[in-house]
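Coordinates in review
Listed below, chain by chain, are the residues.
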Amino acid sequence: MVTVRLPAGLDAVTGFTDADDRVVEVEGDDIASVVAGVEVALPGVAGHLVDGRGSLRPHLLCLADGTATRDLDTPVADEVRFLTAVSGG
């Protein structure tokens, strides 16, 4: 099982209200299969994580076992964390 931590920005879609709630456990061995598992657990959420071309949405940062990635083929063993990216200057 992979622990998936979702950003607060998805609370309206997930129904979560607290940081402790923003966690789901899914099966998967890479980011793509984890996203598919999240969609099964929380229907409608995958479209907020990846776009229609199958790429991670640009406003999100994805950490696979603590390493930042934008590649959905990235292997994962324990945890995937999606964070809202912050930019500016």
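These notes cover the structure that comes with them. Bear in mind the structure is a predicted one, so any value in this text is a computation, not a measurement.

Each value, and the rule that gives it
- Residues numbered from 1 in each chain as written.
- Predicted model: local features only at pLDDT ≥ 70, side-chain atom pairs only at ≥ 80, totals over all residues.
- Heavy atoms only, no water.
- Helix = DSSP H or I, 4+ residues; strand = E, 2+ residues; numbered from the N terminus.
- Rg over C-alpha atoms; globule rule 2.2 N^0.38 Å.
- Buried < 20%, exposed > 50% of the residue type's maximum accessible area, 1.4 Å probe, protein only.
- Contact = heavy atoms within 4.5 Å.
- Areas by Shrake-Rupley, 256 points an atom, 1.4 Å probe, with all protein chains shown as cover.
- Lys, Arg positive; Asp, Glu negative; His and termini not counted.
- Charge placed at Lys NZ, Arg CZ, Asp CG, Glu CD.
- Pairing = 2+ DSSP bridges.
- Axes fitted to C-alpha atoms, helices over the stretch in contact; angles between N-to-C directions.
- Core = buried A, V, L, I, M, F, W, Y, C linked by side-chain atoms within 4.5 Å.

All right, on to the overall build of the chain then. Along the backbone of the chain there are three helices and five strands. For the chain, the α and β elements follow one another from N to C terminus as β-α-β-α-α-β-β-β. The C-alpha radius of gyration of the chain comes to 12 Å, within 12% of the 12 Å expected for a compact globule of 89 residues. Principal-axis analysis of the C-alpha atoms places the extent of the chain at approximately 30 × 30 × 25 Å. Taken over 89 residues, the chain has a buried fraction of 39%. Taking the contacts inside the chain whose residues are at least 6 apart along the sequence as the reference set, 46% of them involve residues at least 24 apart. For the chain, the exposed area adds up to about 4900 Å²; of that, 53% sits on carbon and sulfur atoms. In the chain, 6 side chains carry a positive charge and 15 a negative one; their mean positions are 9 Å apart.

It is worth spelling out unusual backbone geometry at this point. Phi at Asp65 takes a positive value of approximately 50 degrees, unusual for a residue other than glycine. Here Asp65 lies in the loop between strand E3 (60-64) and strand E4 (67-69). Overall, the relative accessible area of 36% leaves Asp65 in the partly exposed class.

In terms of strand pairing, strand E1 (residues 2-5) meets strand E2 (residues 23-26) through four bridges, oriented antiparallel. Bridge pairing in E2 places Val2 opposite Val26. Across three bridges, E1 lies against strand E5 (residues 79-84) in parallel orientation. When the sheet's bridge partners are listed, Arg5 is paired in E5 with Arg81.

Okay, the sheet that holds E2 next. The strand order E2-E1-E5-E3-E4 describes an open sheet built from five strands, whose pairing is mixed. Each edge of the open sheet is held by one strand with a lone partner, namely E2 and E4. Neighbouring strand axes in the sheet, compared pairwise and without regard to direction, differ in orientation by 25 degrees on average. In this sheet, E4 lies alongside E3 in antiparallel orientation, the contact comprising three bridges. Pairing of Cys62 across the sheet is with Thr69, part of E4. Of the strands in this sheet, E1, E2, E3, E4 and E5 are in contact with helix H2 (residues 31-41), which crosses E2 at around 110 degrees.

Right, let's talk about the nonpolar core for a bit. Counting 24 residues, the largest nonpolar core has Val4, Leu6, Val34, Val38, Leu49, Val80 and Phe82 as its most contacted members. Sorting the residues of this core by element identifies E1, E2, H2, helix H3 (46-49), E3 and E5 as the ones contributing at least two each. In terms of residue count, H2 provides more of this core than any other element does, four residues in total.

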